[in-house]
Amino acid sequence: MATIDKAYNAHAVEDRWYERWEGKGAFRGEIRDGAEPYCIMIPPPNVTGMLHMGHILNNTVQDIFIRRARLEGKAALWFPGTDHAGIATQTRVEKKLREKGLHRRDLGREKFVDEVWKWRDEHGGIILKQLRKLGASCDWERTSFTLDEHYSKAVLTAFVELYRRGYIYRGLRMSNWCPVSQTALSNEEVIMKPQKGLFYKMRYELVEQPGEYIHISTTRPETLMGDVAVAVHPDDERYKDLVGKHVWRPFPREKIPIIADTAVEKDFGTGALKVTPAHDVVDFEIGQRHDLPTLDVLNPDGTLNELAGEPFVGMDRFEARKVAAKKLEELGNLVETEPYENNVGFSERADVPIEPRLTMQWWLRYPKVEEARRAVTEGHIRFHPKRWEKTYLHWLETMERDNIDWCISRQLWWGHRIPVWYRKGIAAADRDYDNPEHVHVSVEGPEDPENWEQEEDVLDTWASSWLWPFANFGWPDEMESQASELSYFYPTQTLVTGFDIIFLWVARMVMAGLEFMGEAKESLEDADIAARIPFKDVYINGLIRDSKGRKMSKSLGNSPDPLDLIEKFGADGLRFGIVNIAPSGQDILFSEDRIEIGRNFCNKLWNAARFRQMSGESGDNSSLEAVLQRIDKEHLAAYDHWILGRLVETTAEVERCFAQFEVHAYPRALYEFFWSDYCDWYLEASKARMKDPATQATVLAVQDLVMRQYLQLLHPVTPFITEELWQNLGFSGEAGTFLQSTQLPVAGQLRSAIEQQLGQLDDQAQAEIEAIKELITRIRALKSEYNVASRRDVPFYLLAEGDGREIVESHLQTILNLAQIESLEAVSERPEGMPAGVTALGTAFLDLAQAIDVAAERQRLEKELAKLEKGIKAGEAKLGNEKFLNSAPEAVVQGARDQLAATKARHEEIQMLLNSLPNG
RNA sequence: GGGCGACUAGCUCAGUUGGUUAGAGCAACUGGUUUACACCCAGUAGGUCGGCGGUUCGAGUCCGUCGUCGCCCACCA
């Protein structure tokens, strides 16, 4: 057995074990006959990503689940991988090219994509290396990437199938356009941000009444060249007479009609709206209703085009805004400007305002929406905490109600190119999408590729990641095989993710699973749903914020580098700390102070193990049975029964935490048991018996038993230190197997193993030890209050009778040791002039051998008396109430009786003490 | 505008189906070189559980209402 260093050196331990685990394939997840499968699919981070605090929490939780599953004997598989992250990655490489003065068009599609692959191979996937530092036990041999060949095949197959099933269509619609990335975006990729700007009030001259004007407010004068009408509300009395007349658009100067439409708010601005169908969603709808033309004055890159007229051609949209305002002023059309703040949609990736733009895109009508709803309402999929179900269902509802389809095409090069080919020589306008002579849709492509041109667009990244739970297992090829990993591991067990992507990802995965993981069907039965869902439990982890409650972000600089934290606190410390403060799906306010507890805890654990090692030779620790063999039940004390009982309870509590997904309660229960019960009380109490040759072996064996079970319970959250101690304390036996491949006894098994060997655990011991603890605490408090806390030579007396006296007798040495007192002599009369403390076992008196401050002692006792009186009043009121006696459960009534009796006894004793104080 | 959530000790949070006189960590204060641990030990202080009302024998817990704060969705140019 290796000796244990005085200070816990996390780094050496962590690096060493991770290497061994990975080297020995300890994380490999495989089909194992007879074992229950347990699979977690990692939410694939962006291949460009770096580890941040959110990842730490998310992946620690996943690792806890997967390691626990291994200890429970399940065939556990944590499937890792990364996402190609279309826009993010392409933007990254384009930026690099720009530094060399190049644009992606200079390279051409093929060369550019090569460049991105090269970049990925060099810089991508850093995050996966960082996850190893954290201790993540992913099956790295399976590391998947959404652009891998097999994965791409799944993505294209899904597209082709959905197309054939009628869910996918191509359409000219308003969509979100990013002028920097020059692609369409889905609503989810657009972030609304409040922007300070100006509100321009303009006047347009009436054509029919020269010299008269209508006032219009706008925030975007640069688009007025695209105006095709002015709209007012039909009920607006101010403008009623003007509807049907015309105004002069100032530039390019043209007649445009005044129309009435209910989309206009009478009370907003001037109540008159300039209608620019090409550049605003509402305006576009108004345009549709009134059959207005669409004048697009912007180029795809956000500069103005020929339709805008000079001097705007080629000018950037923000520059044009200023120039347009100036020109309006010169022409006398600008009435006033005022500061204004409104919400503007920004491209999530490029962080520039998006343009609503009329473009031809591919759209997907979501499949199996109703079934996705039922999957949750009927309990096939459970959210933890449960309330997130509401968010999920709310999303589905909105989507269905508002008929929101998913824009799945992106005008990028990095991604899955849409598997659609157009026959050469047929103009886009003449294309008939239902005619296979015109449009070819397949995974393999047409047989005569020379006659076809492939669609330029690629698919939205989410249109690949929504297949993650089954594409990674070889769908669609593996669908037929009953012996496949797909049929063994799917549906996966638990998904761990953030609430922000419940719709973006979680709901879509559910829909994809329901649509594809079985034969094509219009609607599904319950049994179909149960078989097709991608996961059974969804654990939603909270969002990490800084200590002031702000979101962590690069620009605020309030996001610590997790690797620094690992450096400082150790991976185990960080893991324990972050899970310990992670409440159930609530936001988490992060501060380093709160992580310290994790490091301190590891140190405590380390030292307890060290103490064990220093206390005596280890016996055979290679199995629970071997440890039990070393315990002589004749030498077991109440303390031993108590700590073993607590160990069984703690094991059960941990089981409950996992069953109910109370991830934060799990480390808390472990912390309390170990620090308070085991270290502060049990170890301290057993020190005397460890020195006694007669009892030493038994006491050490009990410690070993506790440590053995405890390390197994704790391992999922702090894998490194537990593995190190497991090996150092000899629990692995000769074989040297890893802790995580051992089997954890459940509470029932543990109890029966103990009782089979040692006889029934004494449940009375619990109450007895609690009473002894109270007595010791009272004595310590008395010493502290009388400033003799550090003295060990003070004598105490105990006034007790019957049981109390006996119990104290049997624990006398422990009490003297833990309370640090000279003696505790039994007396039958109250000694006078001594400060006293009343406990359930009896009254303890501190012999100061000098006069006490009677007034202070009286005050102290009276304070306690008042507290007890309050309790007695409450108890009597309760027990005097017949309705309480009749309706409360017997146990509650009895509890109240017992408590009242105890309180009264204590009250009486304190009263006696007060009476016995000298006057003064 | 629609939805979700929070409010418990100075701070951050526990508190499982209503059932003893509400807990922890940190911070504060007092005292400790107890040969496992100062990343420690012992002790003290600190809360009318956001307000009001209701249900109940009994409410931190359930219901209503108000207040404050946060998040998500929508986005009036």
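Analysis parameters
- Residues numbered from 1 in each chain as written.
- Chains lettered and ligands numbered in written order.
- Predicted model: local features only at pLDDT ≥ 70, side-chain atom pairs only at ≥ 80, totals over all residues.
- Heavy atoms only, no water.
- Helix = DSSP H or I, 4+ residues; strand = E, 2+ residues; numbered from the N terminus.
- Buried < 20%, exposed > 50% of the residue type's maximum accessible area, 1.4 Å probe, protein only.
- Phe/Tyr/Trp six-rings, centres within 6.5 Å; stacked < 30°, edge-to-face > 60°.
- Near = heavy atom within 4 Å.
- Nonpolar A, V, L, I, M, F, W, Y, C, P; charged D, E, K, R; others polar.
- Axes fitted to C-alpha atoms, helices over the stretch in contact; angles between N-to-C directions.
- Parallel < 35°, antiparallel > 145°, perpendicular 65-115°, else oblique.
- Left-handed = near helix turned anticlockwise from the far one by under 90°.
- Contact = heavy atoms within 4.5 Å.
- Pairing = 2+ DSSP bridges.
- Expected span 1.5 Å × (residues − 1).
- Polar contact = N/O pair within 3.5 Å; in protein donor to acceptor, adjacent residues only side chain to side chain.
- pLDDT = per-residue confidence, 0-100.
- Salt bridge = Lys/Arg side-chain N within 4 Å of Asp/Glu carboxyl O.
- Disulfide = S-S within 2.5 Å.

Q: What should I look at first to understand the overall build of chain A in this one?
A: Scanning chain A from N- to C-terminus turns up 30 helices and 29 strands. Judged by the C-alpha coordinates and their principal axes, chain A covers about 115 × 70 × 60 Å. Counting every position in chain A, which comprises 920 residues, the buried fraction comes to 54%.

Q: I keep staring at the packing of aromatic side chains and nothing clicks. Help me out?
A: Between two aromatic rings, the relevant description is the distance of the centres plus the angle of the planes. Evaluation of the coordinates by the stated rule reveals 48 aromatic pairs. For the ring pair Phe-576 and Phe-601, a centre distance of 4.5 Å and an interplane angle of 20 degrees mean the geometry is stacked. Residue Phe-576 is found in helix H17 (residues 562-580), and its partner Phe-601 is found in helix H18 (residues 592-615); the two are separated by 25 residues along the sequence. Taking relative accessible area as the criterion, Phe-601 reaches 0% and is therefore assigned buried. Taking the centre distance of 6.3 Å and the plane angle of 35 degrees together, the rings of Phe-576 and Tyr-671 count as tilted. Taken together, the residues Phe-576 in helix H17 and Tyr-671 in helix H21 (residues 665-691) connect sequence positions 95 residues apart. For Phe-576, a relative accessible area of 0% gives the class buried. By relative accessible area, Tyr-671 is classed as partly exposed at 25%.

Q: What is the right way to look at the protein's contact with RNA strand B in this model?
A: The immediate surroundings of RNA strand B are formed by 56 residues, with Arg-594, Arg-610, Trp-675, Gln-899 and Thr-903 found nearest. Counting only atoms of RNA strand B within 4 Å of the protein, the sugar-phosphate share comes to 58%. A breakdown of the residues in the surface near RNA strand B according to their chemical character gives 20 nonpolar, 18 polar and 18 charged.

Q: Hey, could you run me through the packing of helix H20 (residues 638-659) against helix H24 (residues 747-758) in this one?
A: Relative placement of two packed helices is described by the angle separating their axes and the distance separating the axes. At a closest axis distance of 8 Å, the pairing of H20 and H24 adopts a crossing angle of 160 degrees. One finds that H20 runs roughly antiparallel with respect to H24. Where H20 crosses over H24, the handedness of that crossing is right-handed. Between H20 and H24, the contacting residues are Leu-644, Leu-647, Val-648, Thr-651, Ala-652 and Glu-655 on the first element and Ala-747, Leu-750, Arg-751, Ile-754 and Leu-758 on the second.

Q: Can you walk me through the sheet that holds strand E23 (residues 535-541) in this structure?
A: Sheet strands line up and pair through hydrogen bonds in the backbone, either parallel or antiparallel. Taken together, 3 strands build an open sheet; the order of strands is E15-E23-E22 and the sheet is parallel. Of all strands in the sheet, those with a lone pairing partner are strand E15 (382-384) and strand E22 (492-498), marking the two edges. Averaged over all adjacent pairs, the angle separating strand axes in this sheet is 20 degrees, with direction ignored.

Q: In this structure, what is going on with the pairing of strand E18 (residues 420-423)? I would like to understand it.
A: On a regular strand, each side chain points to the face opposite its neighbour's, so the side chains alternate between the two faces of the sheet. Relative to strand E19 (residues 439-441), E18 runs antiparallel, the two sharing 3 bridges. The residue of E19 that forms the bridge with Trp-421 is His-440. Sheet analysis places E18 next to strand E20 (residues 452-454), joined by 3 bridges and oriented antiparallel. From the neighbouring strand, Arg-423 faces E20, where its bridge partner is Trp-452.

Q: Could you clarify how one ought to interpret helix H28 (residues 854-879) in this entry?
A: Three or four residues apart is the spacing at which side chains of an α-helix point the same way, because the helix has 3.6 residues per turn. Here H28 is 26 residues long and its end C-alpha atoms lie 36 Å apart, about the 38 Å a rise of 1.5 Å per residue gives. Among the residues making up H28, those that are buried are Val-854, Glu-857, Arg-860, Leu-861, Leu-865, Leu-868, Ile-872, Gly-875 and Leu-879. Sitting at the amino-terminal end of H28 is Asp-853, which places a side-chain oxygen 3.2 Å from the backbone nitrogen of Ala-855.

Q: How should the confidence of the model for chain A be read in this particular structure?
A: Do not read the fine detail of predicted coordinates wherever pLDDT is low. On average, chain A scores 89 in pLDDT, and the residues at 70 or more come to 98%. Note on the complex model: pTM 0.92, ipTM 0.94.

Q: What exactly am I supposed to notice about the pattern of salt bridges here?
A: Oppositely charged side chains can pair when the atoms bearing their charge come close. Summed over the entire model, instances satisfying the criterion amount to 64 salt bridges. Residues participating in the shared-partner salt-bridge network are Glu-161, Arg-164, Arg-165, Lys-368 and Glu-515.

Q: Is there a simple way to think about unusual backbone geometry in this case?
A: Most peptide bonds take the trans configuration, and most residues that are not glycine carry a negative phi. Following Glu-310, the chain continues to Pro-311 via a peptide bond in cis, the omega torsion being 5 degrees. On the secondary structure map, Pro-311 appears in the loop between helix H8 (281-290) and helix H9 (317-331). For the peptide bond that leads from Trp-475 to Pro-476, omega is 5 degrees, which places it in the cis range. Among the structural elements, Pro-476 can be located in the loop between helix H13 (468-471) and helix H14 (485-489). Positive phi outside glycine occurs at Asp-351, with the angle close to 55 degrees.

Q: How should the environment of Leu-775 be read in this particular structure?
A: With respect to the helices and strands, the residue Leu-775 is situated in helix H25 (residues 764-785). Once the C-alpha coordinates of Leu-775 and Gly-842 are considered, the two residues, 67 residues apart in sequence, prove to be 8.2 Å apart. Those residues in contact with Leu-775, other than ones at most four positions away along the chain, are Leu-798, Val-808, Ile-815, Leu-824, Thr-839, Leu-841 and Ala-844.

Q: I keep staring at the sheet that holds E18 and nothing clicks. Help me out?
A: Spatially, E19-E18-E20 is the arrangement adopted by the 3 strands of the open sheet, whose pairing is antiparallel. Two strands lie at the open edges of the sheet, namely E19 and E20, each paired on one side alone. Here the average twist between neighbouring strands, direction ignored, is 30 degrees. On top of the sheet, helix H7 (residues 149-164) reaches E18 and E19; it is set at about 125 degrees to E19, its chief contact.

Q: For this particular structure, what's the right way to read the side chain of Ser-186?
A: Tracing the backbone through its elements, the reader meets Ser-186 in the loop between strand E6 (183-185) and strand E7 (190-205). Assessed through its relative accessible area of 3%, Ser-186 is described here as buried. The contact partners of Ser-186, leaving out residues within four places of it in the chain, are Asn-176, Trp-406, Cys-407, Arg-410 and Asp-460.

Q: What should I look at first to understand the environment of Leu-861 in this one?
A: Here Leu-861 shows up in helix H28. By relative accessible area, Leu-861 is classed as buried at 2%. Apart from the residues lying within four places of it in its own chain, the contact partners of Leu-861 are Ala-836, Ile-910, Leu-913, Leu-914 and Leu-917.

Q: Would you mind going over the environment of Arg-431 with me for this structure?
A: Assignment of secondary structure puts Arg-431 in the loop between E18 and E19. Excluding anything up to four places from it in sequence, Arg-431 contacts Arg-170, Tyr-422, Ile-426, His-438 and Val-439.

Q: Help me understand the packing of H18 against H21 in this model?
A: Packing of H18 against H21 leaves a shortest axis separation of 12 Å and a crossing angle of 25 degrees. Classified by the interaxial angle, the pair formed by H18 and H21 is roughly parallel. When you trace H18 past H21, the crossing you get is left-handed. Across the interface between the two elements, Ile-597, Asn-600, Phe-601, Lys-604, Leu-605, Ala-608, Phe-611 and Ser-615 from H18 touch Tyr-671, Phe-674, Trp-675, Cys-679, Asp-680, Leu-683, Lys-687 and Met-690 from H21. When grouped by side-chain class, the residues that make up the contact of H18 with H21 number 11 nonpolar, 2 polar and 3 charged.

Q: Just to check I follow, could you spell out the state of the cysteines for this structure?
A: Note on terminology: a disulfide is the covalent bond linking the sulfur atoms of two cysteines. One pass over the full model with this rule turns up 0 disulfides. Of the cysteine sulfurs around Cys-39, a residue in no disulfide, the closest is that of Cys-138, at 11 Å. The structure places no disulfide on Cys-679, whose sulfur is separated from the nearest cysteine sulfur, that of Cys-602, by 13 Å. Residue classification places Cys-679 among the buried positions, given a relative accessible area of 7%.

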